[in-house]
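Here is what each chain is made of, one letter per residue.
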Amino acid sequence: MNTVEGLRLVNLRCLRDTGLVQLRPLTFLVGNNSSGKSSFLRALPLLRQSVEARTAGPILWYGNYVDFGNFDETISAAADPREICFEFSSKLHGIQGRSQLGPHYYRTYSPYPSFFDDTEVKFLLAVHLSPEDRTSAKKWTITIVKDVIEVSIESNGAISAIKVNQHVLANQEAGFHLVPEGKIFQGIARDDPNEEKQVGWLYNEFDAEPFRHGFFEKLLIEQLSPYCSKSTTVTSKLKLIASIPLGSREQMWNALRNYPRGTQFWKRHFAAVPVDSTEFDKIRCLFIASKLSSILFCADNIVTTFAREIRYIAPVRATVERYYRTQGLATDEIDPQGKNLAMYLQSLTYLQREEFSKWTEQQIGFSVKVDSTTDHLQLRLQEVGSPQEYNMTDMGFGFSQVLPILAQIWITTLQRSGTSRPRIYNPVRIVAIEQPELHLHPRLQAKVVDLFTAAVNQSKTSEIKLGIIAETHSETMINRLGQLVIQGKLDPADAQVLVFNKPSPESRTNVTVSTFTPKGELLNWPLGFFLADNE
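What counts and what doesn't
Residues numbered from 1 in each chain as written. Predicted model: local features only at pLDDT ≥ 70, side-chain atom pairs only at ≥ 80, totals over all residues. Heavy atoms only, no water. Axes fitted to C-alpha atoms, helices over the stretch in contact; angles between N-to-C directions. Helix = DSSP H or I, 4+ residues; strand = E, 2+ residues; numbered from the N terminus. Parallel < 35°, antiparallel > 145°, perpendicular 65-115°, else oblique. Left-handed = near helix turned anticlockwise from the far one by under 90°. Contact = heavy atoms within 4.5 Å. Nonpolar A, V, L, I, M, F, W, Y, C, P; charged D, E, K, R; others polar. Salt bridge = Lys/Arg side-chain N within 4 Å of Asp/Glu carboxyl O. Buried < 20%, exposed > 50% of the residue type's maximum accessible area, 1.4 Å probe, protein only. Pairing = 2+ DSSP bridges. Phe/Tyr/Trp six-rings, centres within 6.5 Å; stacked < 30°, edge-to-face > 60°.

Colleague: Is there a simple way to think about the packing of helix α1 (residues 37-52) against helix α9 (residues 292-308) in this case?
Modeller: Axis angle and axis distance: for two packed helices, these are the angle between their axes and the distance between the axes, and together they describe the pair. Relative orientation of the contacting elements α1 and α9 amounts to 110°, with a least axis distance of 8 Å. When the axis of α1 is compared with that of α9, the two are roughly perpendicular. The hand of the α1/α9 crossing is left-handed. Note on element contacts: α9 touches α1 through Thr304, Phe306, Ala307 and Arg308, opposite Leu44, Leu47, Arg48, Val51 and Glu52. Residues that form the contact of α1 with α9 fall into these classes: 5 nonpolar, 1 polar and 3 charged.

Right under this line is the structure:
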């Protein structure tokens, strides 16, 4: 899908290591108070505020959506080493770089590396506190199938080591350093004027920057030379390097052996290199390293696109007002507390407001209308079967708490992607909600779960895939998921419950995943979880 499909957090408050959590369309978080549920969920808006703002480091702890304080207040007390890690997993489909751009592909530069379809990748960012008391990147770890790239970063931005599968391919003397490109995974460069004369000119036909790729290609050219005839030019070797996609050991070996532009000399000599040999390991590691800049570009685009599509609903929504002052400000989305809900609904077209009203009537049992005068707005509700409309302040506090959730879900399933990122990255829009059950009767709590399910099912046929992550203490909501599975309205593969267990204040939180059987039963569920005394 070319988007983030899994998330792992390490040393974030009481979450010492969540393990890699796959993000399903419906994910509910349950656990005792102060067990880490909110920290896990708020890591999502934390990512969004980090990529939206201009920051000195990759993570912005305090921003428009959440407040983690600072690095020292966020890191686990027992963390060793003192670093916080964010890991993202993805399965790449159809990302093709230079090799798929037509017969003249070598004349056109693409920033994307080529991957074989269904290539599993993981991108890990480790941050620490620099001597200047600034959150900075300490390490990137990128896993492509079973190959591991490690980039170690000094506080001043210098790259101290680049490793592939534990082979050190560049140290600090190589001169690599960070450049101000990207948000989570920055670009790297190597300023060496001699390299421009040796290798950089060859990249004019790629229309690429001269310093970005020369170091590892030069090493790789030397490694490939024994398998090339003496008449093979350096340019031909560079075309070979550019054309091989990243994937498993066997996939890359077959791609090299069957390189369509390869001479008989190449095919005969390279075929003699065993796929499991040390010699091929060296070649493959250099191939991977030669594409490091484009891999980082790809990683940053995937993670940043994912983060920008996150929507967050805070635990305490704004108290509804009887009247709202009209303003001439553009309202692009609902804020986390729902303070601008009335203004947002008013900014919709008449037909959109009518559609939203009919949708809430069908899903929850009441319609929502926005009445406007010259200076004021008011939100009015009408229950199904009742001829009377009421100002929302007269309908109970629960409606004011659930309405921002309903509006955010509806808007998410309606809207197209607002990102300008390349379309090879298909967005999944995550709606992260804290305590959706607040001030709701159990019957209405169950209807909210019905609404979540209907929205997820609807999104399967739309441009944007919807993912809902909700932190809850509601037994009703968890039970309703099982009921919907039994009724055939919810695919059991679309739902999961994450259980956060922290036995004592000093202990680490363990996160276990509970999934549903086709009969609606929860697997790996702690016995007596919702009882007052489950000892």
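Colleague: Would you explain the pattern of salt bridges in this entry?
Modeller: If the charged atoms of two oppositely charged side chains come close together, the side chains can form a pair. The full count for this structure, using the stated rule, is 21 salt bridges. Across the pair arginine 8 and glutamate 87 runs a salt bridge whose closest N-O atoms are separated by 3.1 Å. With arginine 8 in strand β1 (residues 6-12) and glutamate 87 in strand β5 (residues 84-92), this pair connects stretches of sequence that are 79 residues apart. We classify arginine 8 as partly exposed; its relative accessible area is 22%. Glutamate 87 gets classed as buried once you look at its relative accessible area, which sits at 8%. Taken together, the shared-partner salt bridges connect Arg48, Glu52, Arg311 and Glu333 into one network.

Colleague: Can you help me understand the environment of leucine 169 in this one?
Modeller: With respect to the helices, strands and loops of the structure, leucine 169 is situated in strand β10 (residues 167-171). The class for leucine 169 is buried, based on a relative accessible area of 19%. Here the alpha-carbon distance between leucine 169 and leucine 219, two residues 50 residues apart in the chain, equals 9.3 Å. Beyond its immediate chain neighbours, meaning those up to four positions away, leucine 169 contacts Ile162, Val164, Phe215, Phe216, Leu219, Cys285, Leu286 and Ala289.

Colleague: Is there a simple way to explain the pairing of β10 in this structure?
Modeller: Side-chain positions along a regular strand alternate between the two faces of the sheet. Where strand β9 (residues 159-164) and β10 come together, 4 bridges link them in antiparallel fashion. From the neighbouring strand, valine 164 faces β10, where its bridge partner is histidine 167. Hairpin remark: β9 followed by β10, antiparallel, with 2 residues in the connecting loop; positive phi at asparagine 165, about 50°.

Colleague: Explanation requested: the packing of aromatic side chains in the structure shown.
Modeller: Here the structure, examined in full by the defined rule, presents 18 aromatic pairs. Ring plane angle 80° and centroid distance 6.0 Å describe the contact between tyrosine 227 and phenylalanine 270, whose orientation is recorded as edge-to-face. With a gap of 43 residues between them, tyrosine 227 in the loop between α4 (214-224) and α5 (234-243) and phenylalanine 270 in helix α7 (residues 264-270) connect regions that are remote in the sequence. The two residues tyrosine 227 and phenylalanine 270 agree in class, both being buried. One aromatic cluster is present, formed by Tyr227, Trp266, Phe270 and Phe280 through successive ring pairs.

Colleague: How should unusual backbone geometry be read in this particular structure?
Modeller: For residues that are not glycine, phi is negative in most cases, and the peptide bond is trans in most cases. Each neighbour pair has its own omega, and for aspartate 80 with proline 81 the value is 5°, a cis peptide bond. Looking at the element boundaries, proline 81 is found in the loop between α2 (71-74) and β5. Although it is not a glycine, arginine 13 sits at a positive phi angle of roughly 55°. Tracing the backbone through its elements, the reader meets arginine 13 in the loop between β1 and β2 (15-17). With relative accessibility at 28%, the residue arginine 13 sits in the partly exposed group.

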